[in-house]
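# Inside the fold
Here are the chains, one letter per residue:
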Protein chains: 4
Amino acid sequence: MCTRVGIIGASGFVGGELLRILLSHPHVEVRVATSREFKGEYVFRVHPHLRGKTMLKFVEPNIDLISKECDYVFLAVPHGQSLHLVPKLLEVGLKVLDLSADYRLKDPEAYVKWYDWKEPHPYPDLLKKAVYGLPEIHREEIRNADLVAVPGCMSTAGILSLLPLVKHDLIETSRIVIDVKIGSSGAGAHAPRLDLHSYRTYVIRPYEVTEHRHIAEIEQELSLVAGKPVQVAFTPHAVDVVRGILATSHSWAKRPLTEPDLWKAFRSTYGNEPFIRIAKDKTGLHRYPDIKYVIGSNYCDVGFEIDSRTGRIVTFAAIDNLMKGAAGQAVQCMNIMLKIDEKTGLDMTPLFPV
Amino acid sequence: MCTRVGIIGASGFVGGELLRILLSHPHVEVRVATSREFKGEYVFRVHPHLRGKTMLKFVEPNIDLISKECDYVFLAVPHGQSLHLVPKLLEVGLKVLDLSADYRLKDPEAYVKWYDWKEPHPYPDLLKKAVYGLPEIHREEIRNADLVAVPGCMSTAGILSLLPLVKHDLIETSRIVIDVKIGSSGAGAHAPRLDLHSYRTYVIRPYEVTEHRHIAEIEQELSLVAGKPVQVAFTPHAVDVVRGILATSHSWAKRPLTEPDLWKAFRSTYGNEPFIRIAKDKTGLHRYPDIKYVIGSNYCDVGFEIDSRTGRIVTFAAIDNLMKGAAGQAVQCMNIMLKIDEKTGLDMTPLFPV
Amino acid sequence: MCTRVGIIGASGFVGGELLRILLSHPHVEVRVATSREFKGEYVFRVHPHLRGKTMLKFVEPNIDLISKECDYVFLAVPHGQSLHLVPKLLEVGLKVLDLSADYRLKDPEAYVKWYDWKEPHPYPDLLKKAVYGLPEIHREEIRNADLVAVPGCMSTAGILSLLPLVKHDLIETSRIVIDVKIGSSGAGAHAPRLDLHSYRTYVIRPYEVTEHRHIAEIEQELSLVAGKPVQVAFTPHAVDVVRGILATSHSWAKRPLTEPDLWKAFRSTYGNEPFIRIAKDKTGLHRYPDIKYVIGSNYCDVGFEIDSRTGRIVTFAAIDNLMKGAAGQAVQCMNIMLKIDEKTGLDMTPLFPV
Amino acid sequence: MCTRVGIIGASGFVGGELLRILLSHPHVEVRVATSREFKGEYVFRVHPHLRGKTMLKFVEPNIDLISKECDYVFLAVPHGQSLHLVPKLLEVGLKVLDLSADYRLKDPEAYVKWYDWKEPHPYPDLLKKAVYGLPEIHREEIRNADLVAVPGCMSTAGILSLLPLVKHDLIETSRIVIDVKIGSSGAGAHAPRLDLHSYRTYVIRPYEVTEHRHIAEIEQELSLVAGKPVQVAFTPHAVDVVRGILATSHSWAKRPLTEPDLWKAFRSTYGNEPFIRIAKDKTGLHRYPDIKYVIGSNYCDVGFEIDSRTGRIVTFAAIDNLMKGAAGQAVQCMNIMLKIDEKTGLDMTPLFPV
């Protein structure tokens, strides 16, 4: 079996990571990689790590071509650019995995509120049809989806750090803090002066400290799981690595909790998940999640601790933002849609030390 | 005027930073630098950046010598080693600035609870006499102190991020979260396998996530300012820089607050402080504190934002942990004790970009 | 087919990298991983990236056990510790891949000169029998070897940067300079104060600037290829990355050379090599080798330029020191010995950006 | 005494570093800082480390204003932009320190060859009048200069690594290799995609490997000192730090040399230099120059070793490229022109560890 895939927007970091995975995926053939900026150029000239792996050249995006050449298509384009492309790709019968934010939110008005759109989302029916591509919550729907909206990188870490607590109704849902630390590759390959090496090195820099757009997804999904509104206070911080996100979630227990209570919640939520590892240990080098041990892999390491003195529960989720936070998660969804082993082509061991 | 000073424990990072400052301080002469490990060795062989700045050699710690040669003495030794040394140094009439934790807490029992001592602190009278060396709270007492207990690095950032809110009674004092990010130099020059470059690079690593010892100081000082118990939930994270601490404090407003309310609280608390800069801007590269803009200086940059959607107040403090978090703060205290301009010898501009 | 392998010295960086590769190798089963320090401990507690990949525990080194359980054995132990172990392992019929320096040099006296041994190598017959494990020179001998001495990391880069020039007799062999830049993981997991993060970060630090031990291997192999003595002046520099080596080799052409001359030499030497990529381009991001594009892979990227003004030839080789510089190269040799595709289990794409 | 100074092009890294130094210089008042891009903006909004140090605003470049307000003017503009500005500034009687390359080369034709100018330099008389601002060679001429051409950063390190050898005629002058490693701040604040954090991190990247423009200055100055043509083969490498340059120079001794020979050459050349430290030691952490020990200071650390086996001499020079490689060197020249202590305002101790 060989699935033919295309990547729209293949010259950025997420596009490059999709290529890194899909070119080695045993059931996939990459047929099209688009880039307006680099059309006609060999892919390996823009992604030099792929030298020797492919002689593919970038082409301009072209729906006819993609329709003819591909069964599945990944969109790794900036927010706003998927919006009108997705209906056309669906119309010609393609399965679509959209890595932008354009189909993640269920409420058409939410795009006005969180993304500063002038009008509500113009395709409310497609929003309903789209499946939020987090297998840990929506695996069954992904299996039969035509359109998957792949979650944001910080949303993935934020949601997965809190899912067992919310699912088991263990915490107050009005006073949750998610404090995120993130590397530079989240910003993409086209970036402003502040992302130059000299400016972006040696920082611990808070940004969008009360109103980051990923809040909308996190609250949507956690509220769905909780069956009631969940509100999160969210602050991201740029730190001096390229890959990696750690979400540290601070919440307050509804009732006194013990460590076995939390083990139970985490094990029942994640025990069968192929890409979630519970990293909690009394000894060794890995007592809590740390990005260092997931880089280059699709793992999300989660962990927890009870602060019995204050009633706080602190939970963690560590991911590689380009893998479980973007390209890896998209391929995991594709594998589910293809009804093949979810780990196919995604089972790389983290690179350590890096 | 020339004050003669000694440094006990001068071979580590904090000792080196004290030397960097004091060797250029116009009113100070460094007479003694002790190190058991390196006795007899030129200081510049252990601190190569000081080559050409001093021909001093390390000597073994010796109270007679220090008593004869010095007026002021700085202790940059591991926790527990100042305990019995301080009374002897005071007895011979020295002014003492202790950078360890041994005299920071007022409650003798607190050392059993937080530092695992077998017995309560054996010198409760000295604890009373000791002044907690944070000029922003205790300037007047420092002026006349014989013994200053210089605050911990994360405590300094944690307290300064919250001081205006607590002082003006703006937040709930039972649900405060301090999420700290810290560089590697906080761990000192003698460190375990996990602090090797290959292990300590490319991390976002939570540690001592519910019970870090600095909590004791932070609660002591904030409770003192508030006039009632203040409780903090505190989690530090190792990140991949050498110097620098950012404390991000999440708290909940007691009543709806406006930006002018917070400006007023911050300005009235810090308006005359020589080393505190309020970093809050609508434009430019510095909308919130970032360690990048304080490295190499004694500045603490503070900032804030109101998360009106959730009722959260988020405040920040960024410091260089070896400066305002240790050696710089100690020299600031010494300047106050000497009744000279607080900025003397400490007015270095941050090094940017680094 | 499944080859049973053991790793002696499996708790360090090279041991961890062997595990990372071999646990995913389709024709291999890892049966034994030894560590005196961590015996009885789960492997994933020391190598947290392997959590979920193996439930193996470290055992003490034991020849009987290894003999019974394994067909192939990898030695990732400090220099000097393989010396007496290798004959015993060969005696019980194992195929041995030694990653230490103990069997790399052909001349028994060279160990006195370069490794400060008191006596010449005690097993000169084994030195003759040992094959220097650089497939680009010794592929045929490796195929039938019982004992492979896997090259040093900087030797690999140094030799591969110069091999086409020496093989085609294009340069003066008495005035070659190899200027190497190397990351911290080359130093191993047990390291001195200077390898702590705070000391090892932000360095460009020359060391062993005229007498590094890898010179002996480089001169041995290049002289063998040249059929006459080749002398190299060699200086390594520690730089602030964890993985990666770039060798920059400066030499002087024996006669005026053109770019086609060099292309011909490089293509004829490396055209069929599965892990060598010639990285030389007029445009794109990858005009010369850069470690950034090989991290996590077994590739060695090589490149060249003619400095016609001065008569100099400058050539480059970039590798991941833990892969092509150690564990990857060892597995490549094993694949050759097993007569399977050389790329089996080694075909991972470099991780970019990291 | 107070000298009034202006900085043209004050928004980049070199401009920021000039401000960092000059705002604290006891004999200087900064009157004008120009920036077209940021005119009207507070300086501290672009250089956030200067918050609290100055309320100066950027203005557009204006010769009348500068002429009225300033005695000395620093030009920190891109190459080519000083060319026509310098004559006008001289004409109105200003002392000019130009940090661009436009007045560094003595031969008007050299700008065609090395800088791709269409025509030779249009002001050959000014080239003659300009003094190459390396105090270690031209101190006396700088004293009376009206126009100083401040050397390039890699030129400074390259020349200073070789000066004692060339001055004392110890090496062959036709086979010198300078292998340079440099941080990202050398590229300036306006930089292409390759200088983004994600691309520029984790590199050891050779560039302009045979024809870098700094060769022209290095050969000009070393030939001048030698009294005969000196030719250098020069290759720079980008490494993952922000500040810092290490030049490693490989040359061949004309006759067998001893360590005392080299000590004599280095001491006689640099013994009285206020900013050169000979870093050569048998023990300690600083056996050879390392950028780690000069960051934030105007020091150039130099060192050497004899490779008696091959006849090679290897010498080193480590600088902070924004200090001794640019702004610090410019201020050192200004101090000489002002006939004040050369170290005035420049005597900062390196920041360690950073």
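Residues numbered from 1 in each chain as written. Chains lettered and ligands numbered in written order. Predicted model: local features only at pLDDT ≥ 70, side-chain atom pairs only at ≥ 80, totals over all residues.

## Here we look at the pairing of strand β1 (residues 3–8) of chain B
Residues and elements named next belong to chain B. What counts is decided by this rule: At least two bridges found by DSSP between two strands is the condition for calling them paired. Under the scheme used here, helices are H or I runs from DSSP no shorter than 4 residues and strands are E runs no shorter than 2 residues, and both carry numbers assigned from the N terminus. Seen with the strands pointing away from the viewer, any crossover whose path from the first strand over the helix to the second strand runs clockwise is right-handed.
Note that β1 and strand β2 (residues 28–34) share six bridges and pair parallel. In the strand pairing of β2, Arg4 is matched with Glu29. Taking the sense of rotation as the criterion, the β-α-β connection linking β1, helix α1 (residues 13–22) and β2 turns out right-handed. Bridge count for β1 against strand β3 (residues 72–75) is four bridges, and the pairing is parallel. Residue pairing in the sheet places Ile8 in a bridge with Leu75 of β3.

## So, the interface of chain D and chain A
Applied cut-off: Think of it this way: build a C-beta for each residue from its backbone, and any pair within 7 Å is a contact. Residue polarity follows a fixed list, in which Ala, Val, Leu, Ile, Met, Phe, Trp, Tyr, Cys and Pro are nonpolar, Asp, Glu, Lys and Arg are charged, and the others, Gly among them, are polar.
On the side of chain A, 14 residues touch chain D, which itself brings 14 residues to the contact. Take the side of chain D that touches chain A: its biggest share by element is three residues, from helix α9 (residues 197–200) of chain D. Its residues placed into classes, the side of chain D that touches chain A shows six nonpolar, five polar and three charged.

## Let's talk about the relation of the copies chain B and chain A
Heads up, the condition is: Copies are brought into register by a least-squares superposition over C-alpha atoms of residues with pLDDT of at least 70 in both.
Rotating chain B by 180° and translating it 0.0 Å along the rotation axis places it on chain A, where the RMSD comes to 0.0 Å. Accordingly, the operation relating the two chain copies is best matched by a two-fold axis. No C-alpha of chain B lies nearer the rotation axis than that of B:Asp240, which sits 3.1 Å from it. When you check the interface residues of chain B against chain A, 100% turn up at the interface there too, and the contact is symmetric in its surfaces.

## Some points on the interface of chain B and chain A
The partner chain A presents 40 residues to the 40 residues of chain B that form the contact. Elements with a contribution of two residues or more to the side of chain B that touches chain A: β7 (176–182), α9 (197–200), β8 (204–206), β9 (232–239), β10 (245–252), β12 (300–307) and β13 (312–319) of chain B. Here the residues of the side of chain B that touches chain A sort into 21 nonpolar, nine polar and ten charged.

## A look at unusual backbone geometry
A cis geometry characterises the amide bond from A:Phe352 onward to A:Pro353, with omega recorded as -10°. If you trace the backbone, A:Pro353 turns up in the segment after α12 (323–337). Notably, B:Tyr202 is not glycine yet its phi reads approximately 60°, a positive angle. Of note in the backbone geometry, B:Lys339 takes a positive phi value of approximately 55° without being a glycine. Along the chain, the position of B:Lys339 falls in the segment after α12 (323–337).

## Some thoughts on the environment of C:Ser251
All names here are of chain C. Here Ser251 is to be found in strand β10 (residues 245–252). With 245 residues separating them along the chain, Ser251 and Gly6 place their C-alpha atoms 42 Å apart. With residues near it in sequence (within four places) discarded, Ser251 still touches Leu165, Ile171, Glu172, Arg175, Ile176 and Ile313.

## Focus on the domain arrangement of chain A
For an interface, size is often stated in terms of accessible area lost upon the parts coming together. Residue and element names in this part refer to chain A. Defined as follows: Note that the domain bounds reflect an automated or database-derived domain assignment.
Here the domain parsing of chain A yields domain 1 (3–129) and domain 2 (154–319). In this structure, domain 1 and domain 2 have C-alpha centres spaced 27 Å apart. Tallying the contact residues gives nine residues for domain 1 and seven residues for domain 2. Here the side of domain 1 that touches domain 2 gets three residues from one element, more than from any other, and that element is helix α5 (residues 110–115). Split by residue class, the side of domain 1 that touches domain 2 holds six nonpolar, one polar and two charged.

## Notes on the sheet that holds β12(B)
All names here are of chain B. Selection criterion: For helices, the axis comes from a line fit to the C-alpha atoms of the stretch in contact; other axes are also lines fit to C-alpha atoms, and the angle between any two N-to-C directions lies between 0 and 180 degrees.
Read across the open sheet, the seven strands follow the order β8-β9-β7-β10-β13-β12-β11; overall the sheet is mixed. This sheet does not close on itself; its edge strands, each paired only once, are β8 and β11 (276–278). Each adjacent strand pair in this sheet contributes to an overall mean axis angle of 20°, direction not counted. Here β8 runs beside β9; their pairing, made up of three bridges, is antiparallel. Each bridged residue has a counterpart across the sheet, and for Arg205 the counterpart in β9 is Ala238. With respect to the sheet, helix α11 (residues 259–270) is in contact with β11 and β12, its orientation differing from that of β12 by roughly 160°.

## Considering the sheet that holds strand β10 (residues 245–252) of chain A
Residues and elements named next belong to chain A. Ordered in space as β8-β9-β7-β10-β13-β12-β11, the seven strands form an open sheet in which the pairing is mixed. Strands at the two margins of the open sheet, each flanked by one partner only, are β8 (204–206) and β11 (276–278). Averaged over all neighbouring strand pairs, the angle between strand axes comes to 20°, with direction disregarded. Examined bridge by bridge, β10 and strand β13 (residues 312–319) share eight bridges and lie antiparallel to one another. Each bridged residue has a counterpart across the sheet, and for Ile245 the counterpart in β13 is Ile319.

## Structural notes on the relation of the copies chain D and chain A
Between chain D and chain A, which share one sequence, the superposing operator has a rotation angle of 180° and an axial displacement of 0.0 Å; the RMSD is 0.0 Å. Mapped onto chain A, 100% of the interface residues of chain D are again interface residues, and the two copies thus contact each other with one and the same surface.

## As for the packing of helix α1 (residues 13–22) of chain D against helix α12 (residues 323–337) of chain D
Residues and elements named next belong to chain D. To be explicit about the condition: Should an angle lie under 35 degrees it is considered roughly parallel, over 145 roughly antiparallel, and from 65 to 115 roughly perpendicular; all remaining angles are considered oblique. Take the far helix as the reference: if the near one is turned anticlockwise from it by less than a right angle, the crossing is left-handed, and if turned clockwise, right-handed.
One way to put it is that α1 packs onto α12 with a least axis distance of 9 Å and a crossing angle of 45°. In terms of axis orientation, α1 runs oblique to α12. Seen from above, α1 lies across α12 with right-handed handedness. Between α1, through Val14, Glu17, Leu18, Ile21 and Leu22, and α12, the contact on the second element is made entirely by Met323, Ala326, Ala327, Gly328, Ala330 and Val331.

## What about helix α7 (residues 135–143) of chain B?
This is how it is decided: Any residue surrounded by 20 or more other C-beta atoms within 10 Å of its C-beta is treated as buried, while 12 or fewer makes it exposed and the intermediate range makes it partly exposed; C-beta atoms here are placed from the backbone. What the arc describes is the spread of directions from the helix axis to the C-beta atoms.
When we look at burial in α7(B), the residues that qualify are B:Pro135, B:Ile137 and B:Ile142. Projection of α7(B) onto a plane perpendicular to its axis shows the buried side chains occupying an angular sector of 140°, all on one side.

## As for the pairing of strand β7 (residues 176–182) of chain D
Two faces make up the sheet, and in a regular strand the side chains alternate between them. All names here are of chain D. The element β7 is extensively covered by neighbouring structure, given that seven of its seven residues are classed as buried. Neither face of β7 is open: one carries Ile176, Ile178, Val180 and Ile182, the other Val177, Asp179 and Lys181, and all of them are buried. Here β7 runs beside strand β9 (residues 232–239); their pairing, made up of seven bridges, is parallel. Counted as the bridge partner of Lys181 is His237 from β9. Pairing of β7 with strand β10 (residues 245–252), which is carried by six bridges, proceeds in the antiparallel orientation. Residue pairing across strands places Val180 opposite Ala247, the latter belonging to β10.

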